[in-house]
Amino acid sequence: MRRIPERRVDIGPDATLTLEAYADTIVPGEKRWPGDRAIAGVSTGGGAVVCGAIDLLRWDATGIHDGLEDLADRVNGHTRDYAEKAGLTLDPAVPPFVSLDYDDRVRLIQELTTPGHPEKDFWVLLSLFCNMAFDSAAHLHTAEALADGHPGLTAMGITQPDTDGLWRFKDSGYGRQLAQPHPDTTPTGSPA
């Protein structure tokens, strides 16, 4: 079987900051350094950004990788409209969405993901991928992510694999074994 090579797209610094701010609004984390503008810092521990949301979004397996610059531009455009309606002054030193405080970021994302919004599907999909970076680390090998202390997998209580790299559960999910393995099952659990 031939493996298809993975690809990650490059995005500019403004798009990166904007998408980091979006991801941090979906799964907040703590600031990476005192002057971190993308991360609002409303939570402790690592959020979506530290868990690799930008790497996941840039990965061609998501299918949205080529549209990231456009999504960043769109959310910044919506931010300008939001700020004008709310009477907010945006800081020109950073992209518009990054300029919003956390509560305004949340309100804007709520507007964008509300049923009936014409772009709702884009924003829900972007939000799901941001969440996925935290709760499944889909862009990483699970054992390596755990070994590196992935904040999301660790917070969810995902355990380390056994020494052979496989996960086994000593307690059955229903509190009892439901069936005996087939007699021809190999030691690795595969059917013979």
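So, here's what we can say about the structure. (Residues numbered from 1 in each chain as written. Predicted model: local features only at pLDDT ≥ 70, side-chain atom pairs only at ≥ 80, totals over all residues. Heavy atoms only, no water.)

**Let's talk about the nonpolar core**
In terms of nonpolar packing, the biggest core is built from 36 residues, with Leu19, Tyr22, Leu57, Leu68, Phe97 and Leu126 touching the most fellow members. Looking at this core, the elements with two or more residues in it are α1 (13-26), α2 (53-58), α3 (68-86), α4 (96-99), α5 (102-112) and α6 (120-135). For this core, the element with the most residues is α6, which contributes six residues. Beyond its immediate stretch of four places on either side in the chain, Phe97 contacts Thr18, Ala21, Tyr22, Thr25, Val75, Asn76, Thr79, Arg105, Leu108 and Ile109. (Core = buried A, V, L, I, M, F, W, Y, C linked by side-chain atoms within 4.5 Å. Buried < 20%, exposed > 50% of the residue type's maximum accessible area, 1.4 Å probe, protein only. Helix = DSSP H or I, 4+ residues; strand = E, 2+ residues; numbered from the N terminus. Contact = heavy atoms within 4.5 Å.)

**Digging into the packing of α3 against α6**
Two measures define how a pair of helices packs: the angle their axes make with one another and the distance between the axes. At their nearest, the axes of α3 and α6 sit 12 Å apart, and the two run at 115° to each other. Considering their axes alone, α3 and α6 lie roughly perpendicular with respect to each other. As α3 packs across α6, the resulting crossing turns out to be left-handed. Contacts between α3 and α6 involve Leu71, Arg74, Val75 and His78 from the former and Phe122, Trp123 and Leu126 from the latter. Partitioned by chemical class, the residues of the contact of α3 with α6 number five nonpolar, one polar and one charged. (Axes fitted to C-alpha atoms, helices over the stretch in contact; angles between N-to-C directions. Parallel < 35°, antiparallel > 145°, perpendicular 65-115°, else oblique. Left-handed = near helix turned anticlockwise from the far one by under 90°. Nonpolar A, V, L, I, M, F, W, Y, C, P; charged D, E, K, R; others polar.)

**Quick look at the side chain of Thr62**
Looking at the secondary structure, you find Thr62 in the loop between α2 and α3. In this structure the side chain of Thr62 is engaged in a polar contact, spanning 2.9 Å, whose partner is the backbone oxygen of Trp59. Those residues in contact with Thr62 that sit more than four places away from it in its chain are Leu56, Leu57 and Phe129. (Polar contact = N/O pair within 3.5 Å; in protein donor to acceptor, adjacent residues only side chain to side chain.)

**Thoughts on α1**
A rise of 1.5 Å per residue sets the reference length of α1, with its 14 residues, at 20 Å; its end C-alpha atoms lie 20 Å apart and thus fit the reference within 8%. Those residues of α1 hidden inside the fold are in contact with α2, α3, α4, α5 and α6. (Expected span 1.5 Å × (residues − 1).)

**Brief notes about the environment of Ala38**
Tracing the sequence through the fold places Ala38 in the loop between α1 and α2. Separated by 110 residues in sequence, Ala38 and Asp148 have C-alpha atoms that sit 23 Å apart. With sequence-adjacent residues up to four places away left out, Ala38 is seen in contact with Leu17, Glu20, Ala21, Asp24, Arg32, Val98 and Arg105.

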